Amino acid sequence: MSGNITAETLVVNGTVEGDCYVDQIQILSMGRVRGKIYSNNLTIEQGGQFFGETIELPNRANDETLLAEPPFDENAIEKLDDQSNSGDVKKTA
């Protein structure tokens, strides 16, 4: 999938190219992410790949605007939902 993603939890077992604004992201063994990850909880399984930059998110208690309006492709969530059926990328709430 190509585009930016905003989600609470993101599990990647395919390819994502774009920025990810997530509370928690897990890159599985077949997962590939290229872009910036805005998160405080990143897990990469053996074999998973990440090419980019990580940015720490502010503490939620101190910033109510967290993840409120990041710049993202409005169609990315729909694309993500479509691809979640293929097993490449899965979004959970």
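As a reminder, the structure under discussion sits directly above these lines.
Here the structure is a predicted model, which means the values were calculated and not measured.

Reading guide: rules and limits
- Residues numbered from 1 in each chain as written.
- Predicted model: local features only at pLDDT ≥ 70, side-chain atom pairs only at ≥ 80, totals over all residues.
- Heavy atoms only, no water.
- Helix = DSSP H or I, 4+ residues; strand = E, 2+ residues; numbered from the N terminus.
- Buried < 20%, exposed > 50% of the residue type's maximum accessible area, 1.4 Å probe, protein only.
- Core = buried A, V, L, I, M, F, W, Y, C linked by side-chain atoms within 4.5 Å.
- Contact = heavy atoms within 4.5 Å.
- Polar contact = N/O pair within 3.5 Å; in protein donor to acceptor, adjacent residues only side chain to side chain.
- Phe/Tyr/Trp six-rings, centres within 6.5 Å; stacked < 30°, edge-to-face > 60°.

As for its position among the elements, Val 22 is in strand S3 (residues 20–27). Residue classification places Val 22 among the buried residues on the basis of a relative accessible area of 0%. For the pair Val 22 and Thr 9, spaced 13 residues apart in sequence, the C-alpha separation works out to 6.1 Å.

This brings us to the nonpolar core. Generally speaking, nonpolar side chains in soluble globular proteins are found buried as a group. In terms of nonpolar packing, the biggest core is built from 12 residues, these being Met 1, Ile 5, Ala 7, Leu 10, Val 12, Val 16, Cys 20, Val 22, Ile 25, Ile 27, Val 33 and Ile 37. Elements supplying a minimum of two residues to this core: strand S1 (5–12), S3 and strand S4 (32–38). Discounting chain neighbours no more than four positions away, the residues touching Ile 37 are Cys 20, Ile 25, Ile 27, Leu 42, Phe 50, Glu 53, Thr 54 and Ile 55.

By the secondary structure assignment, Asn 4 is in the segment before S1. For Asn 4, the side chain forms a polar contact with the main-chain nitrogen of Asp 19, separated by 2.7 Å.

This part covers the environment of Ile 44. Within the secondary structure, Ile 44 is located in strand S5 (residues 42–44). Along the primary structure Ile 44 and Ile 25 are separated by 19 residues, whereas in three dimensions their C-alpha atoms are 8.5 Å apart. Here Ile 44 is in contact with Ile 27, Gln 49 and Phe 50, once residues within four sequence places are set aside.

Our focus in this paragraph is the environment of Thr 15. Tracing the backbone shows Thr 15 in strand S2 (residues 15–17). Sequence separation between Thr 15 and Met 30 is 15 residues, and the spatial gap between their C-alpha atoms is 8.4 Å.

With that settled, the discussion passes to the side chain of Ser 39. With respect to the helices, strands and loops of the structure, Ser 39 is situated in the loop between S4 and S5. The exposure class assigned to Ser 39 is buried, which follows from its relative accessible area of 10%. At a separation of 3.0 Å, a polar atom in the side chain of Ser 39 contacts the main-chain amide nitrogen of Asn 41. Once you skip the residues sitting within four places of it in the chain, Ser 39 turns out to touch Val 22, Asp 23, Gln 24, Ile 25, Ile 55, Glu 56 and Leu 57.

Further remarks concern the packing of aromatic side chains. With the rule as written, the count across this model stands at 1 aromatic pair. Here the aromatic rings of Tyr 21 and Tyr 38 are separated by 4.5 Å at their centres, their planes lie at 10 degrees, and the arrangement is stacked. Taken together, the positions of Tyr 21 in strand S3 and Tyr 38 in strand S4 put the pair 17 residues apart, joining distant regions of the chain. Using a relative accessible area of 19% as the deciding quantity, one classes Tyr 38 as buried.

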